[in-house]
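Residue-level structural notes
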Amino acid sequence: MEHAVVIAGGGPTGLMLAGELALAGIDVVIVERRPSQDFEGTRARGLHARTIEVLDQRGIADRFLAEGQAVQIQSFAAARLDITDFPTRHNYGLALLQTHFERILAGWVSELDVPIARERDVTGFVQDDAGVEVEISDGRSLRAEFLVGCDGGRSLIRKVAGIEFAGWDPSVSSLIAEVEMSEEPEWGIRYNANGTQALGRLDDGKRVGLVVSERYTGQTDEPTLRDVSRALVAVWGTDFGVHSPTWISRFTDMTRQAVSYRERRVLLAGDAAHVHYPVGGQGLNIGVQDAVNLGWKLAQVVRGNSPQSLLDTYEAERHPVAARALQTTMAATSLTRSDPRIDAVRDILGELLTMEEPRKRLAGMLSGLDIQYDLGEGHSLLGRRMPDLDLITAYGPTRVFTLLHDAKPVLLSLGGSGGLDITSWADHVQQIKAEPVGSWELPVVGAVPAPTAVLIRPDGHVAWVGDGNAHAGLPDALTAWFGPSTAG
Ligand SMILES: Cc1cc2nc3c(=O)[nH]c(=O)nc-3n(C[C@H](O)[C@H](O)[C@H](O)COP(=O)(O)OP(=O)(O)OC[C@H]3O[C@@H](n4cnc5c(N)ncnc54)[C@H](O)[C@@H]3O)c2cc1C
């Protein structure tokens, strides 16, 4: 094998996955079409709270926080969803352009010595029982145990794997561009039957950033200045003398999801697995979190600690999260339009969202803080993100997320529980005794009973909860997630 894992595509998802695998000591390479992380135009504008948390779990959140701006970015139906009262250290979103996000993340990945084969495309692959032969545009092929398609919405990997991309065709198309205008335009946001239209001054005070909808008629060509002019006239009755575009791009509300995230040794993550309209700003965030769910599982399988069936839990856990985001985004997209009936729905929803319960419900979902993977019946913490509590240990004070920096599982004994013997998993699970400081509270759920022990997966989700001195189920949970005991 030349590499354990080949990742097609080094956007946000591919970079995060590469970092996770490298932390776990797995030999991984990224094959990326672009010559650098730069791209034309703007895409994502910010991070949601759970994405900031997963970066914090790896000790790199500060790099992003230093370059972005903490803001309450969440909204739905024009109602602002403030999460200041959520029990998390990151009770906000981070305004940070995708280009900066990718640059900072690529810096981390390069510190972890992940090679990136740039200016090359993955052009195809053939898989057999033992591995995947990945074809590269430079004429070479790379042999790997696994191939992960992080190659965006038009994913070649998904197509070659024959995985259906099920969902809905576009109903609206939007042009996004940076241009100059010879007349002073009407600055600000305007809503109409097609959606949200916006004209804003760019930092240089001269150029204009715009988003304008056009009727969707199956456009597949590269958008032109003429398209922008026509769309401006349709909304404002004039194109304000638009000229000299720096770039023009088009996006639609096509909403689709891969019906399966895995075809034997080939997996999909990020936009390759799900696409939707950008309203609500979910795409990059879900992709990065897909990567954090998949990375440690793939590492376990490559190392031979766990069977390939562990990879099925990736789809079981992440497919529902994206499906839910697709539904919410379709609803939010409808509410970007304006006519008397939609306006009435928006007003009613806006009113409901001033109430505590609906605000928390929706904000918990959009921030990613409410995710609970289905790990069966049990304590409220089971399957949810472990809160980042302050801890007192024999080695001094620390906090939960610090224990996850190396992306290794942690069995946290929280006082009172004797007899937790995991000697035969000690090779791959850290055991730490600690006194928690602060209250056990979860976003949306509220206060939960204090556990006496928790088994935390490398992605920060709770795999098992101890109650009193009863440790039933711990060996099963350790085996299910981290492989059989070395005692055999
Ligand atoms: C206008 C707009 C606004 C957006 N706003 C937000 C927002 O506010 N918040 C948010 O979370 N998301 C937003 N998104 C979505 C976000 O940009 C995407 O979800 C995110 O980029 C997905 O990351 P990814 O790594 O999965 O895919 P991509 O970013 O598409 O990366 C795929 C990578 O694969 C490479 N590639 C493709 N094919 C191949 C191949 N065959 N071989 C080698 N390399 C290949 C590409 O060059 C690219 O680098 C927005 C998108 C748009 C268009």
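Please refer to the structure placed before this passage.
Now for a description of the structure that goes with this document. (Residues numbered from 1 in each chain as written. Predicted model: local features only at pLDDT ≥ 70, side-chain atom pairs only at ≥ 80, totals over all residues. Heavy atoms only, no water.)

Before going further, it helps to spend a moment on the site of the ligand. In the vicinity of the ligand lie 27 residues, with Thr13, Glu32, Gln98, Asp271 and Leu284 positioned nearest. In this structure, Arg33 approaches the ligand through a side-chain N or O atom, which is 3.2 Å from a nitrogen atom. Arg45 has a polar backbone atom sitting 3.1 Å from an oxygen atom of the ligand. Here the ligand has 990 Å² of accessible area as a free molecule, and 88% of this is covered by the chains. At the level of elements, α1 (12-23), β2 (28-32) and α7 (283-302) are the ones that each hand at least two residues to the shell around the ligand. Examining the composition of the shell around the ligand, we find that three residues originate from one element, α7, more than from any other. Here the shell around the ligand is composed, by residue class, of eight nonpolar, ten polar and nine charged. (Near = heavy atom within 4 Å. Polar contact = N/O pair within 3.5 Å; in protein donor to acceptor, adjacent residues only side chain to side chain. Areas by Shrake-Rupley, 256 points an atom, 1.4 Å probe, with all protein chains shown as cover. Helix = DSSP H or I, 4+ residues; strand = E, 2+ residues; numbered from the N terminus. Nonpolar A, V, L, I, M, F, W, Y, C, P; charged D, E, K, R; others polar.)

This part is about the layout of surface pockets. Of the voids in this model, the second largest pocket is the one considered here, and its volume is about 280 Å³. In this structure, the second largest pocket is lined by 16 residues; those nearest its centre are Glu214, Arg215, Gln219, Asp227 and Arg230. Residue assignment for the lining of the second largest pocket shows that the elements contributing at least two residues are β16 (208-215) and α6 (225-236). By residue number, the principal contributor to the lining of the second largest pocket is α6, which donates five residues. When its residues are assigned to classes, the lining of the second largest pocket shows three nonpolar, six polar and seven charged. (1 Å grid on protein atoms, 1.4 Å probe; cavity = no way out; pocket = protein on both sides within 12 Å on 5 of 7 lines; lining within 4 Å. Points joined across faces, edges and corners; volume = space filled by probe spheres on them.)

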